[in-house]
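Next come the chains, spelled out residue by residue.
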Amino acid sequence: MQIDIRKLAIEDYDELKETMQKAYPTMSESIWSKKSIQKLLKIFRDGQICITVDGKIAAVALSLIVQYELYGDDHTYKEITGNYTFNTHSDTGNVLYGIEVFVDPEYRKLRLARRLYDVRKELCETLNLKSIMVGGRIPNYHLYSAELSPRAYIQKVRNKEIYDPVLSFQLANNFLPVRILKNYLPEDLHSEENAVLLQWNNIYYSKKPNTMQDSVIRLGLVQWQMRHFKTIDAFYEQVEFFVNVMADYKSDFIMFPELFNTPLLAPFNHLSERESMFKLAELTEEIKIKLSEFAISYNINIIAGSMPIVDSGELYNISYLLHRDGKIDEHRKIHITPNEKKYYGMKGGNEIKVIDTDCGKVGLVICYDVEFPELPRILADQGMKILFVPYLTDTQNAYTRVRHCAAARAIENECYVAIAGCVGNLPGVNNMDIQFGQAAVFTPSDFAFPSNAIKGEATPNTETTLIVDVDLNLLKELHHYGAVRTMTDRRRDLYDTVNLNSDTE
């Protein structure tokens, strides 16, 4: 007999399905689809483990990494898995959450589950995660439920007066009961929808800097004055000034406005608007690298407003999120205004995704994007808690559209929305003459938030900064206990929002 432990592969799916059906003969609707396994392997391959016996799948363990403070000790299986989409997974989370372990009944005497748990513990230590959490079934509880409460049942299992195939195993593997989870898995009839929240602590864990150990995130927004710069170094000097200030105030993020580098268009004013924007795009890579260096050296996540970029001969409006650990993410403006089409011939991007940061999942859209409610809704369905919106508006009318739409997105998606734009005038640069702007942070509208749903706002049309603290735990409380619960109460039987270019739906 040959026993091997390895990472799961999508080619294993047929055997996985067969093994799972044998392991859960009374829970046929709980069998994971091939698409779900494919998603897990894409987002966290290291956490998906299998054991083969003579080359055949005999046992499987599936896991996610979550930012546990966002869910706490009172959650359901549906909540911790993001309604079975796994959008709760976060590369910068602090807890390994076990969502599945099953063993082919034919091989249960080989203690394969113990091997899977040993691999999980090793992975938890390797990734420097705080603990492993699982919602453990109690499949023998239905035999005693007429005479014992779940609490009394668990105590008898701990005292070895009753044997439970799942709970007894987990206790033997040094998992400690934390609490009883009610309505954890509705289809688990043998456990009568109960589960035991169990925890294994990583004694080698060391607190990682900049990880969201609490829920308060500090946002720094720059209301950027349009001005001429003699050189690009002068531009960098002004950017670094604001980065330094925000870092001194211990901000987790700093955001610059849309097209904040357009003062560098001045030397190309003799060209057409489109030609000059192509010339400006030649500086984008250099600016991106320079701002990434600032993010690392000042230990702050930078949202680099937006800049033009040329890809395959087409012009795009792109924003970068430059992480303080050196990682770089991007968002290409999806909805292009008539002005951008007319003067620059810009094209829209086609990717919608949340961004994992050391402060949780955030969304990034550019100006006009926020006026389309479907886009932030898709991001919210993927777990976004903060939406960043760099914008550039010339008139108060245009600013009002962005402002009111941003405020609406905060309410309907149960998230925070931060906006920042340019102010002042820029003579000598075609199509960039005047600006109107006011940085602000909007909240949902409920008792835990300001009565006007505005966390903070800057003085309009003045170069300044806005620094605001937002508490992610308030969003969690709103989701479960708010006066209204817009994310939960949607009529999905009548309508839904679908990302056609994603494999998550």
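Notes on the structure in this doc start here.

Here is what the cut-offs are and how they apply
Residues numbered from 1 in each chain as written. Predicted model: local features only at pLDDT ≥ 70, side-chain atom pairs only at ≥ 80, totals over all residues. Heavy atoms only, no water. Pairing = 2+ DSSP bridges. Helix = DSSP H or I, 4+ residues; strand = E, 2+ residues; numbered from the N terminus. Axes fitted to C-alpha atoms, helices over the stretch in contact; angles between N-to-C directions. Contact = heavy atoms within 4.5 Å. Core = buried A, V, L, I, M, F, W, Y, C linked by side-chain atoms within 4.5 Å. Buried < 20%, exposed > 50% of the residue type's maximum accessible area, 1.4 Å probe, protein only. Parallel < 35°, antiparallel > 145°, perpendicular 65-115°, else oblique. Left-handed = near helix turned anticlockwise from the far one by under 90°. Nonpolar A, V, L, I, M, F, W, Y, C, P; charged D, E, K, R; others polar. Right-handed = clockwise from strand over helix to strand, strands pointing away. Phe/Tyr/Trp six-rings, centres within 6.5 Å; stacked < 30°, edge-to-face > 60°. Lys NZ or Arg CZ within 6 Å of the ring centre and 35° of its normal. Lys, Arg positive; Asp, Glu negative; His and termini not counted. Salt bridge = Lys/Arg side-chain N within 4 Å of Asp/Glu carboxyl O. Polar contact = N/O pair within 3.5 Å; in protein donor to acceptor, adjacent residues only side chain to side chain. Arc of directions from axis to C-beta.

### Considering the sheet that holds strand β5 (residues 131-137)
As summarised here, the arrangement of the seven strands in space is β1-β2-β3-β4-β5-β7-β6, forming an open sheet in which the pairing is mixed. Each edge of the open sheet is held by one strand with a lone partner, namely β1 (3-7) and β6 (176-181). With strand direction ignored, the average angle separating the axes of adjacent strands in the sheet is 25°. Relative to β5, strand β4 (residues 95-103) runs parallel, the two sharing four bridges. Bridge pairing in β5 links Leu 96 to Ile 132. Across the sheet, helix α2 (residues 34-43) touches β3 (56-66) and β4, and the angle it forms with β3 is around 60°.

### Focus on the nonpolar core
It is characteristic of soluble globular proteins that their nonpolar side chains tend to be buried jointly. By size, the foremost hydrophobic cluster in this structure holds 59 residues, and its most contacted members are Ile 37, Tyr 97, Leu 219, Phe 253 and Phe 388. The biggest single contributor to this core is β3, with five residues. If you look at the next biggest cluster of nonpolar residues, it comprises 41 residues, including Leu 264, Ile 302, Tyr 320 and Leu 426.

### Details of the packing of helix α7 (residues 232-248) against helix α9 (residues 284-298)
The contact between α7 and α9 brings their axes to 11 Å, and the two run at 30°. Judged by the angle between their axes, α7 and α9 are roughly parallel. Classified by chirality, the crossing of α9 by α7 is right-handed. Each of Ile 232, Phe 235, Tyr 236, Val 239, Glu 240, Val 243, Asn 244 and Ala 247 in α7 lies in contact with α9, whose residues at this interface are Glu 286, Ile 287, Lys 290, Leu 291, Phe 294 and Tyr 298. Per-class residue counts for the contact of α7 with α9 are 10 nonpolar, one polar and three charged.

### Remarks on the pairing of strand β7 (residues 195-201)
Across the seven residues of β7, five count as buried, placing the element largely inside the fold. When β5 meets β7, the two strands line up antiparallel, connected through seven bridges. Bridge pairing links Ser 131 to Asn 201 in β7. Pairing between β6 and β7: five bridges, direction antiparallel. In the strand pairing of β7, Arg 179 is matched with Leu 197.

### Notes on the pairing of β4
Burial analysis of β4 places eight of its nine residues in the buried class, the great majority of the element. Here eight bridges tie β3 to β4, and the two strands are oriented antiparallel to one another. Paired with Val 60 across the strands is Phe 102, a residue of β4. Read as a crossover between parallel neighbours, the route from β4 over helix α4 (residues 112-126) to β5 is right-handed.

### Focus on the packing of aromatic side chains
On inspection of all chains with the given rule, the structure shows 26 aromatic pairs. Look at Trp 224 and Phe 256: their rings are 5.8 Å apart centre to centre, the planes differ by 80°, and that puts the pair in the edge-to-face class. With a gap of 32 residues between them, Trp 224 in strand β8 (residues 216-225) and Phe 256 in the loop between β9 (253-255) and α8 (273-281) connect regions that are remote in the sequence. Under the relative-accessibility criterion, Trp 224 is labelled buried at 0%. An aromatic cluster is built from Trp 224, Phe 229, Phe 235, Tyr 236, Phe 241, Phe 242, Phe 256 and Phe 260, whose rings are joined through pairwise contacts. Sitting over the ring of Tyr 117, Arg 120 keeps its end group 5.4 Å from the ring centre. The cationic tip of Lys 290 hangs over the ring face of Tyr 236; the distance from NZ or CZ to the ring centre is 5.7 Å.

### Some remarks on the sheet that holds strand β14 (residues 355-357)
Read from one edge of the open sheet, six strands run β14-β15-β16-β17-β20-β21, paired in mixed fashion. The two strands at the open ends of the sheet, each matched to only one other strand, are β14 and β21 (454-457). Each strand of the sheet is rotated relative to its neighbour by a mean of 20°, with strand direction disregarded. By the bridge criterion, three bridges tie strand β15 (residues 360-364) to strand β16 (residues 386-390) in an arrangement that is parallel. From the neighbouring strand, Gly 363 faces β16, where its bridge partner is Leu 387. On top of the sheet, helix α12 (residues 396-412) reaches β17 (416-420), β20 (440-442) and β21; it is set at about 160° to β17, its chief contact.

### Observations regarding the side chain of Arg 120
Inspection of the secondary structure assignment puts Arg 120 in helix α4. Of the side chains bearing the opposite charge, Glu 100 lies closest to the buried Arg 120, which forms no salt bridge; the N-O distance is 7.8 Å. A polar contact of 3.1 Å, which involves the side chain of Arg 120, links it to the side chain of Ser 63. Among residues more than four places away in sequence, those in contact with Arg 120 are Ala 61, Leu 62, Ser 63, Leu 96, Gly 98, Ile 99, Glu 100, Val 101, Ile 132 and Val 134.

### So, the environment of Ser 451
Inspection of the secondary structure assignment puts Ser 451 in the loop between β20 and β21. With 153 residues separating them along the chain, Ser 451 and Tyr 298 place their C-alpha atoms 35 Å apart.

### Things to note about helix α1 (residues 13-23)
Within the span of α1, buried status applies to Tyr 13, Leu 16, Thr 19, Met 20 and Ala 23. Mapping the buried residues of α1 onto a view down its axis gives an arc of 125°, with all of them on the same face. Those residues of α1 hidden inside the fold are in contact with α2, β3 and β4.

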